[in-house]
Amino acid sequence: MYCYRKVTEDLFWVGSNDRRLAMFEGVYSVPGGVSYNSYLLIDEKTVLFDTVDKAVKGIFFENIAEVLGDRKLDYLVVHHMEPDHSEAIQELVMRYPDIQIICNQKIASMIKQYFDFDIDSRAILMKEGDSFSTGKHNLVFVMAPMVHWPEVMVSYDTTDKILFSADGFGTFGALNGALFADEVNFERDYLDEARRYYTNIVGKYGDQVQTLLKKASALEIEMICPLHGFVWRKNISDFIGKYMHWSSYAPEEYGVMIAYASVYGHTENTAEILACKLRERGVKTVMFDVSVTPASDIIAAAFKWSHLVFASTTYNAGIFVNMEALIYDLVAHNIQNRTIALIENGSWAPTSGRLMREEFEKCKNMTILDNTVKILSSLKREQLAELDALTDALTESIPGSAKAQMATKEKKEIIQEKAEVDPTAMFKLSYGLFVLSAKDGDKDNGCITNTVMQVTDVKKRIAIAVNKANYTHDMIMKTGAFNVSVLTTEAPFKLFKQFGFQSGRDVDKFADGGVQARTANGISYVPEYSNAVISGKVVETQEYDTHTLFIAEVTEAAVLSNVPSVTYQYYFDHIKPQPQPTTEKSGYVCKICGYIYEGEELPADFICPLCKHGAEDFEKL
Ligand code: FEO
């Protein structure tokens, strides 16, 4: 019986799950199973995006038949030819003989390698930036070589702003009824598997992933449909941020991952003592026995942690087999930018330390500590000092530990010596983000602000500071009334653009077709992405250069939801897209909204024409 889910009004997930697979690609354990995603678009033309692995072909074809009904299948888009997504192509062609295949030249060549049907007569070849209309929808194709194979491309539906991302943004694990990442606790239950998927499948190709991310940063993406794992429709920039992080090979957390290979327990014992000493100095540690934990888990952990310790016994005059395989694998996955420490053991001719070092010396930007600890069979009491020295060397190179504390001490001394105002210190203040709205006659307007605070409780009064250049400022000055919509973490970037990056003098910011609502004072607010609305009546004003401080009595207040309030920091970390890289322009970019000032020198009194932030919020391109 068919089992599909609706993605949008006219897009359907027609893939399936495999929970019986022991080893994905023959090498990665998938204890939670894996999903093979395929999507079917019902437009003026019908379009299938990729097929599935042979393990789930049966249900896949039932899903297609059910969603199509009496429609025929016009097109298949092939983004990636690895058989977990292409295995069903031959049978699809047999079932739907008129189908045309949208792909690129490399994919067409691979289709010939894998299958025997005539591709040339049914191929529609796409190149970088080519587009294809299916009726209401328009698809644009972007080449993504080596994410994960050389033929890979992705496509972008400009109508619904959906990115079909091939292997990118995938996750190990069966979907278990959920389709969207926001239907599960992704961070708690799936982030580790997403990291394990990324690092093992495409971890080697960080540069190519960065290239794709740069292309994607030019797109307004409202949904990502990958070939494995969940569809993304919320907190997309959060997950893209993870990909930016992983593909740059920057560690996610400061701490020490210890991987050890121990035949009779002596190397393990040494690793345990080191872990205890690190914990006693406040350093986070994780440990893996390479004979027990699958390499793919350890590779994912190596991409996560900043400091890596490898402790191995010597075996056949080399590195212990499982450790040797792990290190070869890590080097092959392009691991870089880490601090490495080594422990070797050997009862008569220890060589594992030297050999492990030689492997890591092949990697980019590795700091290999000199304090290699050598054990002859077992650790002796007099060698504890060597472990202390290794612990010190690791600890001192971890920000937040001893070295960072020294740096903090130096910072205090700097502050005492020079009484200067560092404008970036203001960034350390915590703020919420709000839509401040007002009304003048029939005209509604609003702007984004972070300067709302409660002043008194009895009576309830609040303060807002508003830039005098804002149209909302003039409205409040004139009418003495406003609303504050307290934005939540679900507020999308487009809302911030709508209210923050354009002037109400030029556009009607409330005319976007969203949910309309007014409080008793007649002023609009933003119910869809707010957890509270507060109405204020101005009782006092104070002017300060660029801003007016309004003190207002609260005339109405209501809780709208229990979704957490968004903070300024959360906006930067999770909502605002990464700044779009550029190589053509020189100048300064606004860190708030992305406005680019072209020129060699940014005037000190420059104000961003989009978001009205000052020069201190710009950084050099
Ligand atoms: Fe899921 Fe590269 O295939």
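As a reminder, the structure under discussion sits directly above these lines.
The residue numbers shown here count from 1 along each chain, following its written sequence. With pLDDT at 70 or above as the cut-off, local features in this predicted model cover only qualifying residues; side-chain atom pairs require 80 or more to be listed or tallied, and sums for whole chains, interfaces and linings still use all residues. Calculated side-chain values reflect all of the structure's heavy atoms, with hydrogen atoms and water omitted.

Undergrad: Explain the overall build of the protein residue by residue, including any values.
TA: Looking only at helices and strands, one finds 17 helices and 35 strands in the protein. Reported as C-alpha extents along the three principal axes, the dimensions of the protein are approximately 85 × 75 × 45 Å. With a 1.4 Å probe rolled over the protein chains alone, any residue whose accessible area is under 20% of its type maximum counts as buried; one over 50% counts as exposed, and the rest are partly exposed. Classification of the 621 residues of the protein by burial places 51% in the buried group. By definition, residues are in contact when any of their heavy atoms lie within 4.5 Å. Taking the contacts inside the protein whose residues are at least 6 apart along the sequence as the reference set, 69% of them involve residues at least 24 apart. Residue-level accessible areas treat just the shown protein chains as cover; the underlying method is Shrake-Rupley with a 1.4 Å probe. Summed over its atoms, the accessible surface of the protein is roughly 28,500 Å², and 51% of this surface lies on carbon and sulfur atoms. A run of H or I in DSSP becomes a helix once it reaches four residues, and a run of E becomes a strand once it reaches two; helices and strands are each numbered from the N terminus.

Undergrad: A description of the sheet that holds strand β34 (residues 596-598) should follow, citing residues and the corresponding values.
TA: Judged by pairing direction, the sheet is antiparallel, and its three strands sit side by side in the order β34-β33-β35 without closing on themselves. Bordering the open sheet on either side are β34 and β35 (618-620), each of which pairs with just one other strand. Neighbour-to-neighbour, the strand axes of this sheet turn through a mean angle of 25°, independent of strand direction. Should DSSP find at least two bridges between two strands, the strands are regarded as paired. Pairing of strand β33 (residues 587-590) with β34, which is carried by three bridges, proceeds in the antiparallel orientation. Residue pairing in the sheet places V589 in a bridge with I596 of β34. In this description, a line fitted to the C-alpha atoms serves as the axis of each element, helices being fitted only across the stretch in contact, and the angle between N-to-C directions of two axes falls anywhere from 0 to 180 degrees.

Undergrad: Describe helix α6 (residues 191-201), with residues and values.
TA: Of all the eleven residues making up α6, ten are buried; the element is thus mostly covered by neighbouring parts of the structure. Buried within α6 we find L191, E193, A194, R195, R196, Y197, Y198, T199, N200 and I201. Tucked inside the fold, the buried residues of α6 contact β4 (23-24), β5 (28-29), α5 (186-189), α7 (206-216), α8 (236-247) and α10 (295-304).

Undergrad: Could you give an account of the pattern of salt bridges, naming the residues involved and the relevant values?
TA: Basic side-chain nitrogens of Lys or Arg form a salt bridge, by our definition, when they fall within 4 Å of a carboxyl oxygen of Asp or Glu. The tally for this structure, following the rule as stated, stands at 28 salt bridges. We note a salt bridge from D444 to R518, for which the minimum N-O separation is 2.7 Å. One end of the pair, D444, is in strand β25 (residues 443-449); the other, R518, is in strand β29 (residues 517-518), and 74 residues separate them in sequence. A salt bridge links D474 to R505, with the nearest nitrogen and oxygen atoms 2.7 Å apart.

Undergrad: Can you lay out the sheet that holds strand β9 (residues 75-77) for me, pointing to particular residues and giving the numbers?
TA: In spatial order, the strands read β1-β2-β7-β8-β9-β10-β11; together these seven strands make up an open sheet with mixed pairing. Two strands close off the open sheet at either side, each with one partner strand: β1 (5-6) and β11 (123-125). Summarising the sheet, strand β2 (residues 11-13) and strand β7 (residues 39-42) pair through three bridges and their orientation is antiparallel. In the sheet register, F12 faces β7, and the bridge partner there is L40. Lying over the sheet, helix α1 (residues 57-68) contacts β2, β7 and β8 (46-49), oriented at roughly 10° with respect to β7.

Undergrad: So what about helix α11 (residues 321-332)? Which residues, and what values?
TA: A helix is expected to span 1.5 Å for every residue after the first. In this model, α11 (twelve residues) spans 16 Å end to end at C-alpha, consistent with the 16 Å of a helix rising 1.5 Å per residue. Of all the positions in α11, only M323, L326, I327, L330 and V331 are classed as buried. Looking straight down α11, one finds its buried side chains confined to an arc of 130°; they lie on one side. Packing partners of the buried residues in α11 comprise β17 (253-261), α10, β19 (305-315), β20 (318-319) and α12 (352-360). Within two residues after α11, N334 carries a phi angle of roughly 70°, on the positive side. Taking the helix axis as origin, the arc is that swept by the directions to the C-beta atoms.

Undergrad: Before we move on, could you go through the side chain of T519 and cite the residues and values that matter?
TA: Of note, T519 is situated in the loop between β29 and β30 (524-525). What makes T519 buried here is its relative accessible area of 8%. There is a polar contact of 2.5 Å between the side chain of T519 and the side chain of N521. Pairs of N or O atoms within 3.5 Å make up the polar contacts considered here, provided that, within protein, one atom can donate a hydrogen while the other can accept it, and that residues adjacent in sequence are counted only when both atoms are side-chain atoms.

Undergrad: Describe the pairing of β17, with residues and values.
TA: With seven of its nine residues buried, β17 lies for the most part within the structure. Sheet topology note: the β17/β19 ladder contains seven bridges and is parallel. Pairing of V256 across the sheet is with H307, part of β19. If the strands point away from the viewer and the path from the first strand over the helix to the second runs clockwise, then the crossover is right-handed. For the crossover from β17 across helix α9 (residues 266-280) to strand β18 (residues 285-289), the handedness is right-handed.

Undergrad: Can you lay out the nonpolar core for me, pointing to particular residues and giving the numbers?
TA: Think of a nonpolar core as a cluster: buried Ala, Val, Leu, Ile, Met, Phe, Trp, Tyr and Cys residues, connected wherever their side-chain atoms sit within 4.5 Å. Within the largest apolar cluster, 94 residues are counted, with the highest numbers of intra-cluster contacts made by V7, I64 and I101. Those residues in contact with V7 that sit more than four places away from it in its chain are F12, W13, Y39, L179, F180, M223, C225 and V231. Grouped together as the second largest cluster of nonpolar side chains are 30 residues, F288, A301, A302 and I340 included.

Undergrad: Mind laying out the packing of aromatic side chains, listing which residues take part and the relevant values?
TA: Think of a pair of aromatic rings as described by two things: how far the centres are apart, and how the planes are tilted against each other in angle. For Phe, Tyr and Trp, where Trp contributes only its six-membered ring, two rings pair if their centres lie within 6.5 Å, and the inter-plane angle classes them as stacked under 30 degrees, edge-to-face over 60, or tilted in between. Under the defined criterion, the tally for this structure stands at 35 aromatic pairs. Between Y198 and Y243, the ring centres sit 4.9 Å apart and the planes meet at 70°, which makes this aromatic pair edge-to-face. Of this pair, Y198 sits in helix α6 while Y243 sits in helix α8; the two residues are 45 residues apart in sequence, bridging distant segments of the chain. Each member of the pair, Y198 as well as Y243, carries the same accessibility label: buried. Ring centres of F606 and F618 lie 5.5 Å apart, and the angle between their planes is 85°; this geometry places the pair in the edge-to-face category. Placement of F606 in the loop between β34 and β35 and of F618 in strand β35 is noted, with a sequence separation of twelve residues between them. Considered together, F606 and F618 belong to a single accessibility category, that of buried residues. Site record: aromatic cluster; members linked through ring pairs are F169, F186, Y190, Y198, F230, W232, F239, Y243 and W246. In this analysis the charged atom, NZ for Lys or CZ for Arg, is taken to sit over a ring once it is within 6 Å of the ring centre and within 35 degrees of the ring normal. Its guanidinium or amino end placed over the ring of F61, R95 lies 4.1 Å from that ring's centre, counting from NZ or CZ. The ring centre of Y588 lies 4.9 Å from the NZ or CZ of K620, which sits over that ring.

Undergrad: Any details on the side chain of E359? Residues and values, ideally.
TA: Its place among the elements puts E359 in helix α12. Owing to a relative accessible area of 10%, E359 belongs among the buried residues under this scheme. Apart from residues lying up to four places away in sequence, E359 is in contact with I327, Y328 and V331.

Undergrad: Tell me about the packing of α6 against α8, and name the residues and values.
TA: It is at 11 Å that the axes of α6 and α8 come closest, and there the two elements cross at 45°. Relative to α8, α6 is oriented oblique. Relative to α8, the crossing made by α6 is right-handed. Contacts between α6 and α8 involve L191, A194, R195, Y197 and Y198 from the former and F239, K242, Y243, W246 and S247 from the latter. Here the contact of α6 with α8 is built from residues that sort into seven nonpolar, one polar and two charged. Comment on the angle field: the value is read as roughly parallel under 35 degrees, roughly antiparallel over 145, roughly perpendicular from 65 to 115, and oblique elsewhere. Put simply, a crossing is left-handed when the front helix is turned counterclockwise from the back one by less than a right angle, and right-handed when it is turned clockwise. Side-chain classes are defined by residue name, with Ala, Val, Leu, Ile, Met, Phe, Trp, Tyr, Cys and Pro counting as nonpolar, Asp, Glu, Lys and Arg as charged, and the others, Gly among them, as polar.

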